[in-house]
Every structure is written in structure tokens, then in C-alpha cells.
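Chain and residue survey
Spelled out, the chains give:
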Amino acid sequence: MEQGEEDNVDTIKILVATDNHLGYGEKYPERQLDSFVTFNEILKIGKEQEVDFVLLGGDLFHENKPTRFAEHQCMKVLKKHVFGDRPVEIEVISDPEINFSHCDPNHRVVNYMDPNLNIGLPIFSIHGNHDDPCGLGGFCSLDNLHTAGLINFFGKTDNLQRKQTLFILFWKNYINHKITDVEVSPLLFVKGENRVALYGLSNIKDERLHRLFRENMVKMDIPEENQDDWFNLFVLHQNRAKHSNTNYIPENFIPEIFDLVIWGHEHECRLNPEYREFSDDHSFFISQPGSSVATSLCEAEAGEKNVGLLQVRGKDFKMDSIPLETVRPMIFKNVSLNEASPDFTPPDVSKCKTDKEVQAKVEEALRKYVENLLKTELPKKLTGNLDQPTKPLVRVRVEYTREDMILSVGRFGNHFLQTVANPNDILLFKKLVYLKTQKDESGLTAQELEELVPENMAALKIEDYIDEFLDSKAIGLELLGTKGLATAVDAFVNKKSKGAVKGLVNKQMTKIVEKMNELEVDDKG
């Protein structure tokens, strides 16, 4: 896009952000406002850039059931920026009854078209896997914000209805699950001669969506008129990295109709659009904005956080990166207690006679190393913004070979109570294992055995563990399905739904009784 084109008054401007995780770290007084401060900065950028709307790619909240504190802080920020007298110049011409069919019939409308609201900064959002619907009515936090007129919640898939048919053959039971197609209808925006078709697909379990794509059961509705004139924009919230054979969405599964894909869920910032070509008529760009707050102390989260300013004119687009200045600084480093590196010299413990002496040497070396990081690395990450927290998150991954080198992580953090935001988990010890080359009884070396282990054991689902347990005990489920049980256990553990398992059993028993009554079994026979 040329400079003159992007300055054109009809250019559609969209601020893109994903994975805000509001409420993350709220149990830590030092960090409880981090996510809200940065979210406030994002919306402030939207107003300063005079965007037509803000597009959020899921996981607005960190918890499925956010605390009242998190909801209150979120609504304060939204009310501050969303309401206003600035005219909204972009028009929605698609049918809101279709785009917001999951909403209450009285609220199936874009908020700035509501005569009772005065909207200056429209926000459109899908839900992610952290803030997904649950409980009575299948609502999520975004449903409440949509009803309040603060956000336009779209992309919710409500036609994944499971039709369960119970077949009883002799004393065996079989449950057949049928899943309907996923149909995605775009929001159609018009501004002057420019047109954007915004497709949103809120989070669906990766294994299920992977199967639906593979079986051609995901349908994208195409505008009936001037199909070639629309800039097709797709936002989704799924695994992009491959965790297992089906626990991700391969990029080539994305239909060829799209010009640009906004990929949420992955926290590493890869905002600059990456071109993907799978055939002559199947190509598009992918932009991965990443998260706006670090939710894990890993290397991918330590990079610079950005939001994207997307400008669309005709079929051309431009994505400008805008660094976020209020993100808490994060320093991530790797060191080895066995090998020297340019910035770390391992302590000499050859003359130490006791474990205490070894640990004292290791603690002194690591303490000086962290102190040096605070002097040299922290200034590079401070932006000068008065709202940016100055206490950094620090994670040092320490490789070791001797057990007597391990320190008490919590006690080590006492040295940095006043200078680091996460003093209790600065260090992460990782044992360095030298693999043997000789073969064991299996005829394989340790290296070969390691290669047989799945690449990402942490990606295994509860369903996998349930299957493994049942197989090991030679137990077969006849009335309950493994997937249903896994979903119930997941809700019990991760979403604190105490009645999830009981509810599953009661629901299934009711269906069994109903089916048996339909069979009119004669108990005298």
C-alpha cells in the first residue's frame, strides 16, 4: 500500500490485539493490575490512531469465570474508551440476526447502531479457550459485555449440537455422536469504496476442529455480490504449533478465500504478516500478534509486546507494529553450572567438602549474576512510560549435573524482594543429562529411546490419561463416553465446576432410562 493510499479518508483502519488475559496475576499485589494497565494502553492507542474499530482475537479474560475484581477493572477501562462522541464512519451491511444469532434477540445489533448508546470506539471480539462459554445457558464473560453494549461479541459457534442415540443390543451399549457442520458468516464492513469481510471463529477444541476441517465440515459463507471486491479477514483462536497429530490446526487447512489471517492463542509476537502459499490458488498472509501480558516465564514471552495497526484499501493492506510501552519488563536467561558463557562463570566447587559449601558457592554466583542482570538488562527494557511497572519479571534457567548444586528457590528470592516482581520463582533448575551410548535389553540406545517419546508430553490431554488408565486396568466404558468423561473432569479441575462429573452421570442415566422406556421392555419375558 502506497503512502497516499493509507492516508486516504476511506482507508479502513483496524487495531489488532489478542490474548489480553485480564486478571492474570491478580492474586499477587505487585502484579494484579498489569493486564489492565496494558489493556488501557491498547484502547488508548486505538483512539489516538482514530481506528474504525478494535479487533480482539480471544482470551480477553484469563479465567473462565473471572473474579468480580477482574470484571470491574475491565468494565472501567472499556467504559473510559468505548463511549464517546467520535463518529463511527464504517458501516455494517451484513445481517446482525445472523452475525449475533447466539445473543439475546433484543441485543442482536452492533453496539454503535443502538440508539440508546453513544459509541466512539467499537470493539469486536471472539472468545478464546480461557474465556469460553460454560454453565447454565452456555454464556461467557463476553456475552455479558455484549449485552452491556461494551463489546461486539461475534464468532461464537452454537451449532455444535451433539445428537446422542443410544443403541442397546443384548447387554451391550453403544453411543453414537454426530456433530453438525460449522458455518461462519462474516461481518461485512463498508467505508467508501472499501469493503472488509470479517470472519470470526471462536475457540473450538483443537482435535474437534481439526477433524471438522479434515472432513470439509467447516463452511465459510461468501458475500453474494461483488465477491472479488471484498478483503477477506479471518480471526481464530487455536493452536498453531503442532503439539500432536490433531492437537493443532495446520495452516493449509485455512480456506483459500482469505487475504489475511489473524492467529490468536499463541503468545509469541510474530505480528509481521507471513506469506503462505500451498498452491497456485491457495495462498494468504498470517499475522500472529501474541499476548499483551506475559502469562508464563518462558523465552517466547520475554520478547517485545506489540499491537498491529491494520490498514486496508481495496485488496491491499499494510500492518504496522506499535510497541506496547506499559508491559512489565521480563528478563529470561539460560546459564550452566558446568560450562562458562560470556556473561556467567560457574563457581569452582572442587574444594568444597560439604553440600552446604557447594550451595553457598552456587548461591553467591547466581546472586551476583541476577544483580548484574538488573543493572545491565533492565534499563534496556524500560520505555520511560510512567505507567510501566519498573520491577521486572526475572527467570534464570539453571542447568546442573550434581544434586548438591540445587538451591531453595524461595529462599534465594529473599535477596530480591524489593527489586524483582517474582522473587519466589526466579530460578528454574534443569538437570543436564548426558545420554549413554550403550544399548540396553531393548537393543536401543538412550538417545534412540528418547526419540520414541512424544515431542510434547505436556500437550497430552486428560482424555489421553483416561484412555491409558482404562486400558491398563482392562476396563471398558459402556454407558459413559471417554470424551464426555474427559470434558467433565477437565471442567472439575480447571474450571472449578464441582458438579461436572455428577451432572454428566445424571444426564446420561436420564437418557438411558428414556431410551429403555421407549423400547417397552417386557420384564415378564
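What this report covers is the structure whose coordinates are included nearby. (Residues numbered from 1 in each chain as written. Predicted model: local features only at pLDDT ≥ 70, side-chain atom pairs only at ≥ 80, totals over all residues. Heavy atoms only, no water.)

1. Overview of the sheet that holds strand β19 (residues 393-400)
Ordered by their spatial adjacency, three strands build an open sheet running β18-β19-β20, and the pairing between neighbours is parallel. Looking at the sheet topology across the chains shown, the edges are occupied by β18 (330-336) and β20 (427-431). Taking each pair of neighbouring strands and ignoring which way they run, the sheet shows an average axis angle of 15°. Relative to β20, β19 is paired through five bridges, and the arrangement is parallel. Bridging across to β20, Glu-399 finds its partner in Lys-430. (Pairing = 2+ DSSP bridges. Helix = DSSP H or I, 4+ residues; strand = E, 2+ residues; numbered from the N terminus. Axes fitted to C-alpha atoms, helices over the stretch in contact; angles between N-to-C directions.)

2. Overview of the nonpolar core
Counting residues in each nonpolar core, the largest one holds 60 residues, and the members touching the most others are Leu-55, Leu-60, Leu-78, Phe-189 and Leu-233. Non-local contacts of Leu-60, meaning those with residues more than four positions away in its chain, are made with Asn-20, His-21, Leu-22, Phe-39, Cys-74, Asp-131, Leu-142, Leu-145 and Ile-151. Counting residues in each nonpolar core, the second largest holds 27 residues, with Val-335, Cys-352, Leu-378 and Met-405 among its members. (Core = buried A, V, L, I, M, F, W, Y, C linked by side-chain atoms within 4.5 Å. Buried < 20%, exposed > 50% of the residue type's maximum accessible area, 1.4 Å probe, protein only. Contact = heavy atoms within 4.5 Å.)

3. Things to note about the pairing of β18
Where burial is concerned, most of β18 is hidden: five out of the seven residues are buried. Where β18 lies against β19, seven bridges are found, and the strand directions are parallel. Paired with Met-330 across the bridge in β19 is Leu-393.

4. Looking at the environment of Glu-274
Along the chain, Glu-274 turns up in strand β14 (residues 270-279). Side-chain polar atoms of Glu-274 contact the side chain of Arg-276, separated by 2.9 Å. (Polar contact = N/O pair within 3.5 Å; in protein donor to acceptor, adjacent residues only side chain to side chain.)

5. Considerations on the pairing of strand β17 (residues 316-323)
Regular strands place side chains that alternate from one sheet face to the opposite one. With eight bridges connecting them, strand β16 (residues 306-313) and β17 associate as antiparallel partners. Residue Val-312 lies in a different strand from β17, and its bridge partner there is Phe-317. Hairpin geometry of β16 and β17 is characterised by an intervening segment of two residues between the two adjacent antiparallel strands and by a positive phi of about 65° at Gly-314.

6. Thoughts on a nonpolar patch on the surface
Residues Phe-492, Val-493, Val-501, Val-505 and Met-509 make up a contiguous nonpolar surface patch of about 400 Å² in total accessible area. Among the elements of the structure, α12 (482-494) and α13 (500-519) are those that each provide at least two residues to the nonpolar patch. When residues in the nonpolar patch are grouped by element, the largest group, three residues, is from α13. Judged by relative accessible area, which is 43%, Met-509 ranks as partly exposed. (Patch = residues over 30% accessible without salt bridge, like charges linked within 9 Å, V, L, I, M, F, W, Y side chains within 5 Å. Areas by Shrake-Rupley, 256 points an atom, 1.4 Å probe, with all protein chains shown as cover. Salt bridge = Lys/Arg side-chain N within 4 Å of Asp/Glu carboxyl O.)

7. Brief notes about the sheet that holds β16
Taken in spatial order, the six strands make up an open sheet running β5-β4-β2-β1-β16-β17, and their pairing is mixed. Sheet topology places β5 (152-153) and β17 at the edges, where each strand pairs with a single neighbour. Contacts from helix α2 (residues 34-48) reach β1 (12-17), β2 (53-56), β4 (123-125), β16 and β17, with the element oriented near 170° to β1.

8. A few points about the packing of α2 against helix α3 (residues 68-82)
In contact at an axis separation of 10 Å, α2 and α3 are set at 15° when each is read in the N-to-C sense. Overall, the two elements α2 and α3 adopt an arrangement that is roughly parallel. With respect to the hand of their crossing, α2 and α3 are arranged in right-handed fashion. Residue-level contacts link Phe-36, Phe-39, Asn-40, Leu-43, Lys-44 and Lys-47 of α2 to Phe-69, Ala-70, Gln-73, Cys-74, Val-77, Leu-78, Lys-80 and His-81 of α3. (Parallel < 35°, antiparallel > 145°, perpendicular 65-115°, else oblique. Left-handed = near helix turned anticlockwise from the far one by under 90°.)

9. A few points about the pattern of salt bridges
Under the criterion given, the structure shown has 20 salt bridges. The partner of Asp-143 in a salt bridge is Lys-156, and the shortest N-O contact between them spans 3.2 Å. A residue pair is termed long-range when its members are at least 10 positions apart, and Asp-143 in helix α5 (residues 141-147) and Lys-156 in the loop between β5 and β6 (162-169) qualify at 13 residues. Residue class for Lys-156 comes out buried when judged on its relative accessible area of 15%.

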